[in-house]
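Structural overview
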Amino acid sequence: MDRLLTGLQPSGTLTIGNYAGGISQIVNYQSDYETFLFIPDMHAITVPQDPEALHRNIINAIAMYIACGVNPDLPNMHIYIQSENLYHANLSWIFECHTPHGELTRMHQFKAKSALHETFTEGLVTYPDLMAADILLYDAKYVPTGIDQKQHVELARNIAIRFNNRYGELFAIPEPLIPSIGAKIRDLQNPEQKMSKSTTNPKASIFLSDPEKVIRKKIMSAVTDSDGVIKFDEENKPGVSNLLTIYSVFTGSSIEDAVAKFEGGGYGDLKKAAADAVVEKLMPMQEKYNDIINSGRINEILDAGRDYSNKIAAEKYEKVRKAVGFGRI
Ligand code: ATP
Ligand code: LTN
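First things first, this report covers the structure right here in the doc. Predicted model, so just to flag it, every value in this text is computed and none were measured. (Residues numbered from 1 in each chain as written. Chains lettered and ligands numbered in written order. Predicted model: local features only at pLDDT ≥ 70, side-chain atom pairs only at ≥ 80, totals over all residues. Heavy atoms only, no water.)

**Focus on empty space enclosed by the protein**
- Per the counting criterion, the structure on display carries 1 cavity of 30 Å³ or more.
- Forming the walls of the largest cavity are Leu104, Met107, Gln109, Phe110, Leu124, Tyr127, Pro128 and His152.
- Of all the secondary structure elements, the ones that give two or more residues to the lining of the largest cavity are helix 6 (108–115) and helix 7 (122–136).
- Sorting elements by how many residues they give to the lining of the largest cavity places helix 7 first, with 3 residues.
- Class assignment for the residues of the lining of the largest cavity results in 6 nonpolar, 2 polar and no charged. (1 Å grid on protein atoms, 1.4 Å probe; cavity = no way out; pocket = protein on both sides within 12 Å on 5 of 7 lines; lining within 4 Å. Points joined across faces, edges and corners; volume = space filled by probe spheres on them. Helix = DSSP H or I, 4+ residues; strand = E, 2+ residues; numbered from the N terminus. Nonpolar A, V, L, I, M, F, W, Y, C, P; charged D, E, K, R; others polar.)

Set out below in structure tokens:
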């Protein structure tokens, strides 16, 4: 079985963007690939985190993956926490010593996140090297993500190619897997930007744990435009296109069918239908989420994932260690 791998940072509560770009893809592909789904808690501390909240977000995220349909009982599903596997940081260091600084500071995410604060840490710069280690340790063939992570997966690809050329065949070359609908769910208040879990605007993102009333209120007050026409045009009508996308992701409809359904109508009808679709999907997920949190199973799932991921990563790290000349032969 080919391998599929992805991670979602425990930097807050998961949003419908994380569902569209990450989790729903895992659910769709989980029967066809050996799947490595991990929590990049080491990536999360590239910006300041409250330790208590970080612990809580990690456990809550695992429960939410399962509530969304990730099946931890599949023998080919491995769920683990990045910091419980020390090989990630070790391989990242080796990559850091092979990646020109300029390649890292050119990344879109680095530019966006470093601009938010007066100072930033070196971890924010070397973030993509750690991400490359996450992927290349497991010879992942596919990396499902939203469009924002495409550039990082491409960097991981380049690192793999560079290493293979310099040291001999060490790594499989990964490919990003971007969904055709929902690769970039937009911020409801500022649709030029992507929806993000660490937003400071309380009306900008829909969290998977939001109560029904809150979901409806956020969608009904989403920013659109004043020309009153429903069509899919992400550049000129990002707000309306976002509502069509949300409707499509949560009903399984195509964008063309969604446009045909709402064309000629008012924005209010589209908003109401998008809210109905999100509520219909999220309410049963939230019930399941509570059952999982109370089931006491999460530790057992994470122990198994930690042990398996360490076994695979140790084998790869040993090859890389030898190739670069570390320690004894
Ligand atoms: P943060 O706000 O802390 O940067 P985030 O909400 O941007 O977090 P990540 O943890 O960076 O989320 O991303 C987890 C996964 O969800 C990645 O695959 C990412 O591409 C995807 N993703 C994040 N936001 C969106 C979005 N708005 N639309 C589609 N996919 C998204
Ligand atoms: N950078 C990603 C999270 C992440 C990831 C990964 C995704 C860390 N390591 C490896 C895919 C594969 C993000 O911010 N969404």
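Still more to cover.
**Notes on the site of ligand 1**
- Ligand 1 sits among 20 residues. The nearest are Ser11, Lys194, Ser196, Lys197 and Ser198.
- Interatomic distance of 2.8 Å between a backbone N/O atom of isoleucine 185 and a nitrogen atom of ligand 1.
- Interatomic distance of 2.2 Å between a side-chain N/O atom of lysine 194 and an oxygen atom of ligand 1.
- Isolated, ligand 1 exposes 600 Å² of accessible area, and the fraction of that covered by the protein chains is 97%.
- Broken down by element, the residue count for the shell around ligand 1 peaks at 3 residues, all from helix 1 (residues 16–29). (Near = heavy atom within 4 Å. Polar contact = N/O pair within 3.5 Å; in protein donor to acceptor, adjacent residues only side chain to side chain. Areas by Shrake-Rupley, 256 points an atom, 1.4 Å probe, with all protein chains shown as cover.)

**Comments concerning the packing of aromatic side chains**
- Overall, the coordinates contain 15 aromatic pairs when judged by the stated rule.
- Aromatic side chains phenylalanine 38 and tyrosine 80 sit 5.6 Å apart centroid to centroid with 20 degrees between the ring planes, which places their arrangement in the stacked category. Placement of phenylalanine 38 in strand 2 (residues 34–39) and of tyrosine 80 in strand 3 (residues 77–81) is noted, with a sequence separation of 42 residues between them.
- Among the residues examined, tyrosine 80 registers a relative accessible area of 0% and is labelled buried.
- Consider the rings of phenylalanine 110 and phenylalanine 120, whose centres lie 5.1 Å apart with planes at 85 degrees: the pair is edge-to-face. You can see phenylalanine 110 sitting in helix 6 and its partner phenylalanine 120 sitting in the loop between helix 6 and helix 7, a full 10 residues away along the chain. (Phe/Tyr/Trp six-rings, centres within 6.5 Å; stacked < 30°, edge-to-face > 60°. Buried < 20%, exposed > 50% of the residue type's maximum accessible area, 1.4 Å probe, protein only.)

**Some thoughts on helix 4 (residues 87–96)**
- Turning to helix 4, its buried residues number three or more, namely His88, Leu91, Ser92, Ile94 and Phe95. Looking down the long axis of helix 4, one finds its buried residues gathered within 160 degrees of arc, a one-sided arrangement.
- Turning to helix 4, the residues buried within the fold contact strand 3, helix 7, helix 8 (150–167) and helix 13 (298–324). (Arc of directions from axis to C-beta. Contact = heavy atoms within 4.5 Å.)

**A word on the side chain of glutamine 109**
- Along the chain, the position of glutamine 109 falls in helix 6.
- On the basis of relative accessibility, which here comes to 14%, the residue glutamine 109 falls in the buried class.
- At 3.3 Å, the side chain of glutamine 109 forms a polar contact with the side chain of tyrosine 127.
- In contact with glutamine 109, other than residues within four places in its own chain, are Tyr127, Gln149 and His152.

**Remarks on the site of ligand 2**
- With respect to spatial proximity, 14 residues lie near ligand 2, and among them Gln9, Tyr127, Met131, Asp134 and Gln149 are the closest.
- Within the contact set of ligand 2, a nitrogen atom lies 2.6 Å away from a side-chain nitrogen or oxygen of aspartate 134.
- One of the side-chain nitrogen or oxygen atoms of glutamine 149 is found 2.9 Å away from a nitrogen atom of ligand 2.
- Protein chains shield 92% of the accessible area of ligand 2, which is 360 Å² for the free molecule.
- Only strand 1 (3–7) and helix 7 provide two or more residues apiece to the shell around ligand 2.

**Re the side chain of glutamine 149**
- Relative to the helices and strands, glutamine 149 is located in the loop between strand 4 (142–144) and helix 8.
- A distance of 2.8 Å separates a polar atom in the side chain of glutamine 149 from a polar atom in the side chain of histidine 152.
- Those residues in contact with glutamine 149 that sit more than four places away from it in its chain are Gln109 and Met131.

**Considerations on the pairing of strand 2**
- Among the 6 residues that make up strand 2, 6 are buried, leaving the element largely enclosed by the rest of the structure.
- Where burial is concerned, the two faces of strand 2 agree: the one with Glu34, Phe36 and Phe38 and the one with Thr35, Leu37 and Ile39 are both buried.
- In the sheet, strand 1 pairs with strand 2 via 5 bridges, with the strands oriented parallel. Note on strand 2: the bridge partner recorded for glycine 7 is phenylalanine 38.
- A crossover links strand 1 with its parallel partner strand 2, the connecting element being helix 1, and its sense is right-handed.
- Taken together, the 5 bridges between strand 2 and strand 3 define a ladder with parallel strand orientation. By the bridge assignment, isoleucine 39 is partnered in strand 3 with isoleucine 81. (Pairing = 2+ DSSP bridges. Right-handed = clockwise from strand over helix to strand, strands pointing away.)

On their own, these measurements won't tell you what the molecule is for.
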